[in-house]
Amino acid sequence: MSRSRKNEIYGRTVSWSTRSDISPLRYPGGKRKLAPFIADLMERSRLAPDLFVEPFAGGAAVAISLLECGRVRSIGLADADPLVAGFWQVVFSDQATVFADMVSSAEVTLEEWKRIKLSEPALGLETAYKCLFLNRTSFSGALMAHTGPIGGMSQQGAYKIDCRFNRSQLAARILELSHLRNRIAFVRCESYSDTIQHVRDNHGDTSVLWYLDPPFFAKADRLYRHSFKNSDHEALAAAVESMPGNWILSYDDHPDARRMYAGHPGFARINLQYSARIDDASRLVASEVVVSDLIASLRAAGEIQEAGIVIQLFRRRKPGAITVLQDIAVEPKMRQQA
Ligand SMILES: C[S@@+](CC[C@H](N)C(=O)[O-])C[C@H]1O[C@@H](n2cnc3c(N)ncnc32)[C@H](O)[C@@H]1O
């Protein structure tokens, strides 16, 4: 390979956090791995927003990654689920130390799981504790009423209820996150449309980037206590067109997501690979649908590939940075096979 070609490929380094425990919550469908893609998109768009908002926060791993590595100045989080919003409110409050103490001395037993499952906490601290406890001790991290404990009610399997509850690590991470408190613009418990209104009313003069990761098209009602009907997906598609700021929307690569957004100029199907070999056709399938006004603008300016599956190939570097080695647009022929 010639030197100039090599330089072209080994072009950009985007900072982000590579650690796997960005969020204390194990979130079903968590989008941590999308953070370097978003950092790269921001860099190509020369965007350094004052405020990055995740109105479907869940584990909030994308917002926290970008905040911790300094790519955004502040973040705003919201979730319609009071347990999830309550968790983040406490982590980023002056109660975080007490909360971390509760976590480091947690009694992680089946009896405690049953008690907490039935509890209806009124206090912020107990709400946060219920969220974290059930998330770390229940199947798939789901908070649904019907979701059982890891290891089942008999606790006979190889994995027991406490296998994902590392008290000291979780407590340490909560304390670490709490130090970001003065860069948290808000944590709200509400539907995304209220968050849009809140930002319009209170952050009108700020440059805002939205990252929207709504519940999936399929099976979301089994994973989240608040899911979307088809009409909700359609309402969101209409809402993004008049967002106060730039926006990035992601879905798992599902036929309904493609049907709804394939005609949008900012539509892309992507696959993120980490230093993996890409000569195997079975790897060339999209895993995410991403739609963004930033992609639309870059495409209009001829700076981003035409539609197709974009495989973005990364190499991990020292913690806090990752190199985008290459973007590869898969041919339409390959796309159909995929
Ligand atoms: C796909 S998950 C988000 C996962 C998150 N991006 C992560 O990486 O962990 C969707 C989240 O949206 C929340 N949600 C569902 N309906 C909502 C609504 N109308 N407004 C705001 N949040 C909602 C759910 O409670 C769930 O936490």
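In case you missed it, the structure is sitting above this.
Remember, it's a predicted structure, so these values are computed and weren't measured experimentally.

Procedures and definitions
- Residues numbered from 1 in each chain as written.
- Predicted model: local features only at pLDDT ≥ 70, side-chain atom pairs only at ≥ 80, totals over all residues.
- Heavy atoms only, no water.
- Helix = DSSP H or I, 4+ residues; strand = E, 2+ residues; numbered from the N terminus.
- Buried < 20%, exposed > 50% of the residue type's maximum accessible area, 1.4 Å probe, protein only.
- Contact = heavy atoms within 4.5 Å.
- 1 Å grid on protein atoms, 1.4 Å probe; cavity = no way out; pocket = protein on both sides within 12 Å on 5 of 7 lines; lining within 4 Å.
- Points joined across faces, edges and corners; volume = space filled by probe spheres on them.

Q: When you look at the overall build of the protein chain in this model, what are you seeing that I'm missing?
A: Scanning the protein chain for helices and strands turns up 14 helices and 10 strands. Residues counted as buried form 54% of the 338 residues belonging to the protein chain. For the protein chain, restricting intrachain contacts to residue pairs at least 6 apart in sequence, the fraction spanning at least 24 positions comes to 71%.

Q: Any chance you could explain unusual backbone geometry here in plain terms?
A: Of all residues except glycine, most have a negative phi; of all peptide bonds, most are trans. Of note in this structure, Ala 60 is not a glycine but carries a positive phi near 55 degrees. In this fold, Ala 60 is placed in the loop between strand S2 (51–54) and helix H3 (61–68). Unlike most non-glycine residues, Ser 140 shows phi in positive territory, near 60 degrees. By relative accessible area, Ser 140 is classed as partly exposed at 47%.

Q: So what exactly am I meant to see when it comes to the layout of surface pockets here?
A: In this approach, a probe sized like a water molecule rolls over the atoms, and the result shows the empty space that is left. Size it by volume and the largest pocket reaches roughly 760 Å³. Together, 50 residues line the largest pocket, and Tyr 27, Gly 30, Ala 57, Gly 58 and Gly 59 are the ones closest to its centre. Looking at the lining of the largest pocket, the elements with two or more residues in it are H3 and helix H8 (167–178).

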